[in-house]
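Observations on the model geometry
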Amino acid sequence: MNPSLLTASSSSHPRPLLSFPFTPNSLPTRRRYRISFPRYSLSTDDHSPTSTSSSQTTATPTSPDIFGGAKELTGIQPVVEKLSPPARLATSAVILAGALAAGYGLGLRFGGNRNAALGGAAILGAAGGAAAYAVNAAVPEVAAVSLHNYVAGCDGPEAVKREDIENIAKKYGVSKQDEAFNMELSDLYCRFVSSVLPSGSEDLRGDEVETIISFKNALGIDDPDAASMHMEIGRRIFRQRLETGDRDGDLEQRRAFQKLIYVSTLVFGDASTFLLPWKRVFKVTDAQVEIAIRDNAKQLYASKLSSIGRDIDMELLVSLREAQLKYKLSDELAKDLFMEHKRKLVEENISMALNLLKSRTRTIGGVKQALEELDKILAFNDLLVSLSKHPDAERFAPGVGPVSLVGGDYDSDRKMDDLKLLYRTYVTDSLSGGRMEKHKLIALNQLRNILGLGNKEAEAIILDVTSKVYQKRLSEAFQSGDLEMADSKAAFLQNLCEELHFDPQKASDIHEEIYRRKLQQCVSDGELDENDVAALLKVRVMLCIPQQTVDAAHSDICGSLFEKAVKDAIASGVDGYDADVKTAVRKAAHGLRLTREAAMSIASKAVRKVFLNYVKRSRSAENRTESAKELKKMIAFNTLVVTQLVADIKGESSDTPSEEPVKEELNQPDEDDEWESLQTLRKIRPNKELTAKMGKPGQTEITLKDDLSERDRMDLYRTYLLYCLTGEVTRIPFGAQITTKRDDSEYVLLNQLGGILGLTTEETVEVHRSLAEQAFRQQAEVILADGQLTKARVEQLNELQKNVGLPGPYAQKIIKSITTTKMAAAIETAIAQGRLNIKQIRELKEAGVDLDNMISESLRENLFKKTVDEIFSSGTGEFDEEEVYEKIPADLKVNSQKAKGVVHDLARTRLSNSLIQAVALLRQRNRQGVVSSLSDLLACDKAVPSEPLSWEVPEELADLFAIYAKSNPAPEKLSRLQYLLGISDSVAAAVQDMGDGLLSVGSEEEKFVF
């Protein structure tokens, strides 16, 4: 075997695609041929199989290199070569006849008889026959030599013709099935295939299959014989792999075997599945065979694509499709390869454009060249899109369509800035003329899709560039006076937006930003003069800025300056609010031309933040006294600083009293006359003397009404009110404490605190009322501990009411609540113990006691059940349906339907129990008890009519009837009892006649039985 067929490679070591898990012992028995392999590439050093192939080159094989030199005839072969088939037959006949004749003549001459002559003829005839056989046997070998010399003598494999080979076979009278001739054919084919297949480090050129098929057809070799040569080449590659002892060499052989599998499969087509048993001979899987075919098909198709540039036409795409089918490449892989090729072409343009833009010596010409590269990309993309929409697009190679960078070198976040730079450059060029053309918009959308930019990213770039161009055009219109001379400023600006395809809303934002910059320039000295106002008005009119936007700008910019002045005034504190601070506040409030509402809003925000700090410290204080002191500080801050600040903002004197609070105070007594008895509420409304003593009142325009909930504000007010009531508690050693009472001035501060907290009159009154009620309730509960309201206790409660100042109706409501609660507990206890019946309930209701709220529903239902049970066990035999079904449920507030169900259940139960009880009393000779039990039975029957009752001893039923009849009952009751006990009329008449005798006889019989 020839080790020069595959050369070693020093390339990297990728994972091999095929493995050969077989050993030489596993090779099946096969037909043996004498085959020699040509050396078609530079040989490697046998002692160094890992030598590199970088310096090796494969020369184009010539005929002598592939098939070797001409072979020479030896022995009898030259003679046979000269003879034609007829001459060869004639010569064989002559040799045989001459041998026979010579043998016969010599035998007759030396033997002297006929037998000797025949023996000599036989001996020499056999020798002649052997000579003739030798001549004929040499014919196939001579034909094979002639075939070899013919093929080797041709100018190239392509010069070999099938007719010439058939003539050689015909010349010597041999068949292609002859072993020697067929062996030579196989040897020639094997040499040629080995020479055509590239080494492991080289790629297929694409013409190997056609070349091999053409040479196979020229030789006329059958497919099975040709396929066996392909398998033999595979065995040689495997043996070569075993001889190669390094990893690189092993990889080379694997690649060579892959190419062999691929080329062989294409050469034999569908017949390769049974002509090429790769799986059986070399133990490779179907998947490995498919991988070999796929990888080599991809390599050939990629090689085909590499020669294609941007000038693509229909014929080229059709030829690519034909090549794909010839290479047996799937549509999916072909599409991926075509997409990759398109991407690489576009990436070349992108790289070129980026190099020009990022060059240190960037010039205008470089930018133009970069734009040309982008135009090439767009033109290439348009061409592909138009071809994808062609009616015959199905005949084109897969993958024809828009270009995409997905999966390429620029499909990463690191390259996104470069792609944005290209897009920005193209957008800038599109707007270089001061307007955006329609075809440029289409090109920008296509370029965005090609570069893979998101909508937001592309829109941000376009907006940024367009905004700058818009501002530039706007500046030119200002300077030239075109905007000022325009009849309609809005129409001029709208036309400018349409030319640039710019969003009018974004343009309005730019106008606002321009106005804001102008306003900042005007207020740089701290105030706005008349010239500044005129300049701002001109900008506003020319840019069509709405008043709302102007107000917002003044509020933000002038407001920030005013806010600084307000914060400085607040930071000065109670003692630092001097004339300089007042001047600064007045200048800021009026010099910045803020509206009173805007100025007060800014001041309110800053002041309320300070108020909330006081509230926070008050809530975190250790006790009520410390909490009240923090609130007191807030009141002082409001009076001395905030009130002065509000007066300065309004331009008023802080000494001028406010009229609105006075009016409110005058109106308050009329609204809350019933609460005038509350001492704490009277104290927060000082008289003139106390007002003069306390000085000016604090402002009430800035409050915490919107910052704190109503509950929180009322809690803070209640805290300070309790401080006013209890005074200041001072702890001294040994656990003692001293309480210092506060004078009425604290209530004036309480009133001011209510104003700061934004409490209404109703909310303030509610706090005072709740505390008064709480104090009255606590002491009233002690007085009415047992729930009994006596004359002495009433006088005591009236005195308590006067001291607290609680209005009469509210005091009576609390007293009633306490007594009602105590009474409800007593009533529930009486009902549970059975000491309260329906008669007493009615008496309580007549007295005005609200029993519905005092007694729970379950207790009322139990009381109803108990009352009905008493009716059924009273022994009267009476049952008033109206009383039971209507009046009693109405008095107890029990559902009538539910009450009726309770009555029926009790009646059914008591009916049978009354009969049993009557019999028991009969046996005890208790006549009165028998009559009562039978009366209860009739009452139950009246509530729920019953069927006749049964009893085991009928005589006892007769005795019961007799005893009841002797009690002089009403006829209807006696008749109903007769029905219920099942007494016939004759027995009833007899029983009534017998009287007491029946009872005594029955008793004696009973006694006898026992």
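Residues numbered from 1 in each chain as written. Predicted model: local features only at pLDDT ≥ 70, side-chain atom pairs only at ≥ 80, totals over all residues. Heavy atoms only, no water.

Along the chain, the regular secondary structure elements total 45 helices and two strands. By residue count, 44% of the 1010 residues in the chain fall in the buried class. Considering only contacts in the chain between residues 6 or more positions apart, those separated by 24 or more positions represent 76%. (Helix = DSSP H or I, 4+ residues; strand = E, 2+ residues; numbered from the N terminus. Buried < 20%, exposed > 50% of the residue type's maximum accessible area, 1.4 Å probe, protein only. Contact = heavy atoms within 4.5 Å.)

For Lys 629, the location among the structural elements is in helix α27 (residues 624-650). Lys 629 gets classed as partly exposed once you look at its relative accessible area, which sits at 30%. As for Lys 629 and Ser 618, which are separated by 11 residues in sequence, their C-alpha atoms are 7.8 Å apart.

Attention now moves to helix α15 (residues 364-388). Here α15 is 25 residues long and its end C-alpha atoms lie 36 Å apart, about the 36 Å a rise of 1.5 Å per residue gives. Turning to α15, its buried residues number three or more, namely Gly 366, Ala 370, Leu 371, Glu 373, Leu 374, Ile 377, Leu 378, Phe 380, Asn 381, Leu 384 and Leu 387. Along its buried surface, α15 packs onto α13 (314-326), α14 (331-357), α16 (416-430) and α17 (438-451). (Expected span 1.5 Å × (residues − 1).)

On to the packing of helix α25 (residues 579-591) against α27. The packing of two helices is summarised by the inter-axis angle and the distance between the axes. In contact at an axis separation of 8 Å, α25 and α27 are set at 45° when each is read in the N-to-C sense. Judged on the interaxial angle alone, α27 and α25 are oblique. Here α25 and α27 pass one another in a crossing that is right-handed. The segment α25 lies against α27, with Lys 582, Val 585, Arg 586, Ala 589 and His 590 engaging Gln 644, Leu 645, Ala 647, Asp 648, Ile 649 and Lys 650. Partitioning the contact of α25 with α27 into residue classes produces five nonpolar, two polar and four charged. (Axes fitted to C-alpha atoms, helices over the stretch in contact; angles between N-to-C directions. Parallel < 35°, antiparallel > 145°, perpendicular 65-115°, else oblique. Left-handed = near helix turned anticlockwise from the far one by under 90°. Nonpolar A, V, L, I, M, F, W, Y, C, P; charged D, E, K, R; others polar.)

Before going further, it helps to spend a moment on a negative patch on the surface. Taken together, the side chains of Asp 880, Glu 881, Glu 882 and Glu 886 define an acidic patch exposed on the protein surface. Positionally, Glu 886 belongs in helix α39 (residues 881-892). (Patch = residues over 30% accessible without salt bridge, like charges linked within 9 Å, V, L, I, M, F, W, Y side chains within 5 Å. Areas by Shrake-Rupley, 256 points an atom, 1.4 Å probe, with all protein chains shown as cover. Salt bridge = Lys/Arg side-chain N within 4 Å of Asp/Glu carboxyl O. Lys, Arg positive; Asp, Glu negative; His and termini not counted. Charge placed at Lys NZ, Arg CZ, Asp CG, Glu CD.)

All chains considered together, the criterion is met by 38 salt bridges. Measuring nitrogen to oxygen at the nearest pair gives 4.0 Å for the salt bridge that ties Glu 626 to Lys 629. Taken together, the positions of Glu 626 and Lys 629, both in helix α27 and three residues apart, correspond to about one turn of that helix. When salt bridges that share partners are traced, they join Arg 435, Glu 437, Arg 473 and Glu 499 into one network.

For the rest of this paragraph, the subject is the packing of aromatic side chains. Tallied over the full model, the rule gives eight aromatic pairs. Between Phe 192 and Phe 215, the aromatic rings sit 4.2 Å apart at their centres with planes inclined by 25°, giving stacked as the arrangement. Linking Phe 192 in helix α6 (residues 179-196) with Phe 215 in helix α7 (residues 208-219), this pair joins segments that are 23 residues apart in sequence. Accessibility classification places Phe 192 together with Phe 215 in one group, the buried group. By the ring-pair criterion, three or more aromatic residues cluster together here, those being Phe 257, Trp 278 and Phe 282. (Phe/Tyr/Trp six-rings, centres within 6.5 Å; stacked < 30°, edge-to-face > 60°.)

Okay, the confidence of the model for the chain next. Scored by pLDDT, the chain comes out at a mean of 76, with 75% of its residues at no less than 70. Here residues 657-675 is modelled with pLDDT under 50, and outside its nearest four sequence neighbours on either side it reaches 17 contacts, counting other chains as well. Taken as a whole, residues 996-1010 scores under 50 in pLDDT and shows 12 contacts with residues more than four places along the chain or in a different chain. (pLDDT = per-residue confidence, 0-100.)

Counted at 1.5 Å a residue, the expected span for α6 with its 18 residues is 26 Å, and the 25 Å between its end C-alpha atoms agrees. In terms of burial, α6 is a largely internal element, 16 of the 18 residues being buried.

Non-glycine residue Lys 283 carries a positive phi angle of around 60°. Assignment of secondary structure puts Lys 283 in the loop between α11 (278-282) and α12 (286-306). Looking at Lys 283, the relative accessible area reads 42%, which means it is partly exposed. With phi around 55°, Asn 968 is a residue other than glycine that occupies positive phi space.

On to the environment of Ser 604, then. Structurally, the position occupied by Ser 604 is in helix α26 (residues 596-619). Judged by relative accessible area, which is 13%, Ser 604 ranks as buried. For the pair formed by Ser 604 and Val 566, sequence separation is 38 residues and the distance between their alpha carbons is 9.7 Å. Of note is the side chain of Ser 604, whose polar atom sits 2.9 Å from the side chain of Arg 608. (Polar contact = N/O pair within 3.5 Å; in protein donor to acceptor, adjacent residues only side chain to side chain.)

Attention now goes to the side chain of Ser 935. Relative to the helices and strands, Ser 935 is located in helix α41 (residues 927-943). A polar atom in the side chain of Ser 935 sits 2.9 Å from the backbone oxygen of Val 931. Those residues in contact with Ser 935, other than ones at most four positions away along the chain, are Gly 875, Thr 876, Gly 877 and Tyr 964.

We now examine the packing of α16 against helix α18 (residues 455-480). With their axes 10 Å apart at the nearest point, α16 and α18 run at an angle of 45° to one another. Judged by the angle between their axes, α16 and α18 are oblique. For α16 against α18, the interelement crossing comes out right-handed. Across from Met 416, Lys 420, Tyr 423, Arg 424, Val 427 and Thr 428 in α16, the residues of α18 making contact are Glu 457, Ala 458, Ile 461, Ile 462, Asp 464 and Val 465. Of the residues belonging to the contact of α16 with α18, the class tally is seven nonpolar, one polar and four charged.

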